[in-house]
Amino acid sequence: MWKEGKKIYIQSKIKEAADSSSYVTLRSASPKPSVKATGLRSDLIFEEIGHSIKQVGSQLATKVNAVFQWDITSNGKVVMQWTLDLKTGSGEIYRGASCSPADTIFILSDHDFMDLVLGKIKPQRALFVGRLKVKGNIMLGQKLVMILKDHVKLI
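The sections below set out a description of the structure shown in this document. (Residues numbered from 1 in each chain as written. Predicted model: local features only at pLDDT ≥ 70, side-chain atom pairs only at ≥ 80, totals over all residues. Heavy atoms only, no water.)

To continue, consider the environment of Gln142. Residue placement: Gln142 occurs in helix α5 (residues 138-151). You can call Gln142 partly exposed: its relative accessible area is 36%. Expressed as a C-alpha distance, the spacing of Gln142 and Pro123, which sit 19 residues apart in the sequence, is 8.9 Å. (Helix = DSSP H or I, 4+ residues; strand = E, 2+ residues; numbered from the N terminus. Buried < 20%, exposed > 50% of the residue type's maximum accessible area, 1.4 Å probe, protein only.)

Structural data, given as structure tokens:
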């Protein structure tokens, strides 16, 4: 067994076949705190998105083909990250930074995220007044808003 980068290789011998090798790709394991532990209201929304992704994720993955990351901040510091991967398989949402490079990263506070979800502020307005920052492909963000409205019932 040996490690190269983020992969651990395991070499074994099988009687019926010649030598075979396989590997495991390592991901950093971040503890998954409960919603009560983080105190963030946005966690509930992301969990609801996760339930919807399980039902229609493969449809969304073919339509969107992108990875989105949210950096939720408090007092100017990132306190939680969520990733919505609609590029691989049937789509998934998980806590933490994106395993592959995110196409679009949204940076905003928990309060501002809730205002966006509840419709108290429009995404374009939040962007213009500095409550929302976007890195990467901003047009994918527009596509995401339309698709989430159609498939994820949050309110």
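Next comes the rest of the description.
Once that is clear, we can look at the nonpolar core. Counting 26 residues, the largest nonpolar core has Phe46, Phe68, Trp70, Ile72, Leu84 and Phe113 as the members making the most contacts within it. At the level of secondary structure, the elements contributing two or more residues to this core comprise α2 (42-64), β4 (66-74), β5 (77-86), β7 (104-109), α3 (110-117) and α5. When residues of this core are assigned to their parent elements, the largest contribution, seven residues, is made by α2. With sequence-adjacent residues up to four places away left out, Phe113 is seen in contact with Ser42, Ile45, Phe46, Trp70, Ile72 and Leu108. (Core = buried A, V, L, I, M, F, W, Y, C linked by side-chain atoms within 4.5 Å. Contact = heavy atoms within 4.5 Å.)

Tallying each qualifying case throughout the model produces five salt bridges. Where Asp115 meets Arg131, a salt bridge forms, and the shortest distance between an N and an O atom there is 2.6 Å. One end of the pair, Asp115, is in helix α3; the other, Arg131, is in the loop between α4 (123-128) and β8 (132-136), with 16 residues separating them in the sequence. For Arg131, a relative accessible area of 28% gives the class partly exposed. Because the salt bridges share partners, they merge into one network encompassing Asp43, Glu47 and Arg95. (Salt bridge = Lys/Arg side-chain N within 4 Å of Asp/Glu carboxyl O.)

Now for the packing of aromatic side chains. One pass over the full model with this rule turns up six aromatic pairs. Their ring planes at 20° and their centres at 4.8 Å tell us that Phe46 and Phe113 sit as a pair that is stacked. On the criterion of sequence distance, the pair formed by Phe46 in helix α2 and Phe113 in helix α3 is long-range, its members being 67 residues apart. Using a relative accessible area of 0% as the deciding quantity, one classes Phe46 as buried. Members of the aromatic cluster, each reached through a chain of ring pairs, are Phe46, Phe68, Trp70, Trp82, Phe106 and Phe113. (Phe/Tyr/Trp six-rings, centres within 6.5 Å; stacked < 30°, edge-to-face > 60°.)

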